[in-house]
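Chain by chain, the residues run as shown.
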Amino acid sequence: MPGPIAQITVPQLAEAELLRLHADRILASEALGRSQALEPLFRYLLACSLEGRTPKELEVADEVFGRSAGSLDQDASIRVHIHRLRRKLDEYYAGPGGGEAERLIVPKADYRLTITPNPAFHKPPPTAPFPRSLCLRRRELTAVALMLICTAGLTWWLAARPDAVEAPLVAARASPLWQPVVGNGRRVALVVGDYYIFGERDAEGSITRLVREFDVNSPRDLQHRVASDAHAGNYVDLDLDYLPVGVGNALRVISPILRRSDRAVVPTMVVPASKLGPEMVKLTNLVYLGYLSGLGSLRDPMFSGSRFAVGSSYDEIIDKQTGHHYLADTHLDPSGRNSGQDYALISCFTGVSGNRVVVIAGTRDAALMQAAEFAAQPDMLAQLARQAQGAASFDALLAVEGLGNIGLRARLVTVAKRSGETDWSGAGRQAFPDEPSR
């Protein structure tokens, strides 16, 4: 767990958030194994801990294992299961969870979960180089790695600078777009739109290409592709994702806003969209920065209550009320200068537990970067607020004049109040370009 999260807590809410986030990671990692007893026991202890109570052994036996008081006299299985759970937690935090500064424990003679410093905390070891047989294109991998490192370092440096608190930032924080995010006491997850990529072997078994395909978005998708497509036998999982260039610039612009006017840093984490779990969706404020095509699990709620929809590709936005189609055309410029007009959406709405969700998404890099700049400028935010007319949830469509990956200027096309219930079920209300069969 990053230092700032461990060091900064929000009274009352923070303990429950941390318990849930730790529990979510443990359950997602399948660290409890295949035992049919340990996961229900773990979930029961978590629920009790969140309620602030410590159950008796009799309660655990009855509510988790359905055993009566009379059967406990000669039965030590409850304590055995507790011992096994403690051992599984120790194994998790000594292995996959070794990079977390804090950990969950079941205290001795207690049936509850608490948070304590992780004695096995260690910095991740340097990544071993790929063997010669992989022969990856070093320039491609180096570019991906440097972008991720620089983005993370620059984000936290900018967020911590004393001189980052300036009058324009104070004004931006007070806007209807940002005030609910920095002022409601919850931590913030900066969700970045990432993309899964894999390698392709040549005839000699060396990996010579990195590949991105719209319908292959995880190692599981790749396994299915390899199993179903005879021509995909040379594909290999490299455990790699990449971020578009525009995401780094958007992080640089938006991160300084996530400070309160009293100079206190809002507890913030950076999370790839592909790793956004249900606990974060429920407990944290979410700020998405990325392409429209990278929204991941935020895509359905984003468009379910929106007047806008995605067209035949993620370069096309449709206004369902007017029927107008907005097609990004910078990449279609026949002159090769890549000049033209791209589009972006800035959306804000309420999450599943009263948390706030802000989405800044562009068709391409130029649109994303210019939309982030727009969302950080007090005069643009004031224009946005005027057209939103007091609506707490709204979508704003921006037209961005671009030249290559550079956004030259942004124009606010329209602001529309969001209507109807936001759909968090995952069922979706439209077919998206990379899921035509939906």
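Note that this is a predicted model, so its numbers are computed, not measured.

Brief notes about the packing of helix H4 (residues 57–65) against helix H5 (residues 77–94)
In step 1: The geometry of H4 relative to H5 is characterised by a closest axis approach of 10 Å and an angle of 85 degrees between their N-to-C directions. As far as their axial angle goes, H5 and H4 are roughly perpendicular. Contacts between H4 and H5 involve Glu57, Val60, Ala61 and Phe65 from the former and Ile78, Arg79 and His81 from the latter.

Considering the environment of Glu63
In step 1: Among the secondary structure elements, Glu63 is positioned in helix H4.
In step 2: Assessed through its relative accessible area of 46%, Glu63 is described here as partly exposed.
In step 3: Through-space distance from the C-alpha of Glu63 to that of Pro40 is 9.8 Å; in sequence the pair is 23 residues apart.
In step 4: Among residues more than four places away in sequence, those in contact with Glu63 are Tyr44 and Arg53.
In step 5: A polar contact of 3.4 Å, which involves the side chain of Glu63, links it to the side chain of Tyr44.

Topic: the sheet that holds strand E5 (residues 207–211)
In step 1: Taking strand neighbours across the sheet as the criterion, the 3 strands line up as E5-E4-E6 in an open arrangement whose pairing is antiparallel. The two strands at the open ends of the sheet, each matched to only one other strand, are E5 and strand E6 (235–242). The mean inter-strand angle of the sheet, taken between neighbouring strand axes irrespective of direction, is 30 degrees.
In step 2: Sheet topology places strand E4 (residues 195–201) next to E6; 5 bridges connect them, and they run antiparallel. When the bridges of E6 are listed, Glu200 appears paired with Tyr235.
In step 3: Here helix H9 (residues 219–228) sits on the sheet in contact with E4 and E6, set at roughly 155 degrees to E6.

Let's talk about the pattern of salt bridges
In step 1: Applying the stated criterion across every chain, the model contains 14 salt bridges.
In step 2: Residues Arg225 and Glu213 are paired through a salt bridge, measuring 2.5 Å at the closest nitrogen-oxygen approach. Of the two residues, Arg225 sits in helix H9 while Glu213 sits in the loop between E5 and H9, which places them 12 residues apart along the sequence.
In step 3: Given a relative accessible area of 17%, Glu213 falls into the buried group.

A short note on the packing of aromatic side chains
In step 1: Applying the stated rule across the entire model yields 6 aromatic pairs.
In step 2: Seen from their ring centres, Phe198 and Tyr235 are 4.8 Å apart, and the 55 degrees between their planes marks the pair as tilted. In this pair, Phe198 is assigned in strand E4 and Tyr235 in strand E6, connecting sequence segments 37 residues apart.
In step 3: For Phe198, a relative accessible area of 0% corresponds to the buried category.
In step 4: Following the ring pairs from residue to residue traces out a cluster consisting of Tyr195, Tyr242 and Tyr291.

Focus on the pairing of strand E13 (residues 356–362)
If a strand is regular, its side chains alternate between the two faces of the sheet.
In step 1: By the criterion of burial, E13 is predominantly enclosed, with 7 of the 7 residues buried.
In step 2: Neither face of E13 is exposed, since Arg356, Val358, Ile360 and Gly362 on one face and Val357, Val359 and Ala361 on the opposite face are all buried.
In step 3: Strand direction decides the pairing type here: strand E8 (residues 285–291) and E13, joined by 6 bridges, are parallel. For Leu289, the partnering residue across the bridge sits in E13 and is Ile360.
In step 4: When strand E12 (residues 339–350) meets E13, the two strands line up antiparallel, connected through 7 bridges. Paired with Cys348 across the strands is Val358, a residue of E13.
In step 5: In textbook terms, the turn of a hairpin is the stretch between consecutive antiparallel strands, and for E12 and E13 this stretch comprises 5 residues, one of which, Gly354, has a positive phi near 85 degrees.

Topic: the nonpolar core
In step 1: Formed by 43 residues in total, the largest nonpolar core has its most connected members in Trp178, Ile254, Val287 and Ile360.
In step 2: Discounting chain neighbours no more than four positions away, the residues touching Val287 are Trp178, Val181, Val188, Ala189, Leu190, Val191, Ile254 and Val358.
In step 3: Met302, Phe303, Phe349 and Val359 belong to the second largest nonpolar core, which has 32 residues in total.

Observations concerning the confidence of the model for the protein
In step 1: Per-residue confidence for the protein gives a mean pLDDT of 80; residues scoring 70 or more make up 79%.
In step 2: Low confidence marks residues 1–13, where pLDDT is under 50. Its contacts with residues over four positions away, or in another chain, come to 21 contacts.
In step 3: Low pLDDT (under 50) marks residues 127–143, which in the prediction has 20 contacts with non-local residues, meaning those over four places away or in another chain.

So, a nonpolar patch on the surface
In step 1: Taken together, Leu403, Ile406 and Leu408 make up a surface patch of nonpolar side chains, about 250 Å² in accessible area.
In step 2: The partly exposed category is assigned to Leu408, whose relative accessible area is 42%.

Focus on the pairing of strand E15 (residues 406–417)
In step 1: Of the pairings in the sheet, the one linking strand E14 (residues 394–403) to E15 comprises 10 bridges and is antiparallel in character. Across the sheet, Gly402 pairs through a bridge with Gly407, a residue of E15.
In step 2: Hairpin connection, E14 to E15: the antiparallel pair is bridged by 2 residues, and Gly404 has positive phi, about 65 degrees.

Procedures and definitions
- Residues numbered from 1 in each chain as written.
- Predicted model: local features only at pLDDT ≥ 70, side-chain atom pairs only at ≥ 80, totals over all residues.
- Heavy atoms only, no water.
- Axes fitted to C-alpha atoms, helices over the stretch in contact; angles between N-to-C directions.
- Helix = DSSP H or I, 4+ residues; strand = E, 2+ residues; numbered from the N terminus.
- Parallel < 35°, antiparallel > 145°, perpendicular 65-115°, else oblique.
- Contact = heavy atoms within 4.5 Å.
- Buried < 20%, exposed > 50% of the residue type's maximum accessible area, 1.4 Å probe, protein only.
- Polar contact = N/O pair within 3.5 Å; in protein donor to acceptor, adjacent residues only side chain to side chain.
- Pairing = 2+ DSSP bridges.
- Salt bridge = Lys/Arg side-chain N within 4 Å of Asp/Glu carboxyl O.
- Phe/Tyr/Trp six-rings, centres within 6.5 Å; stacked < 30°, edge-to-face > 60°.
- Core = buried A, V, L, I, M, F, W, Y, C linked by side-chain atoms within 4.5 Å.
- pLDDT = per-residue confidence, 0-100.
- Patch = residues over 30% accessible without salt bridge, like charges linked within 9 Å, V, L, I, M, F, W, Y side chains within 5 Å.
- Areas by Shrake-Rupley, 256 points an atom, 1.4 Å probe, with all protein chains shown as cover.

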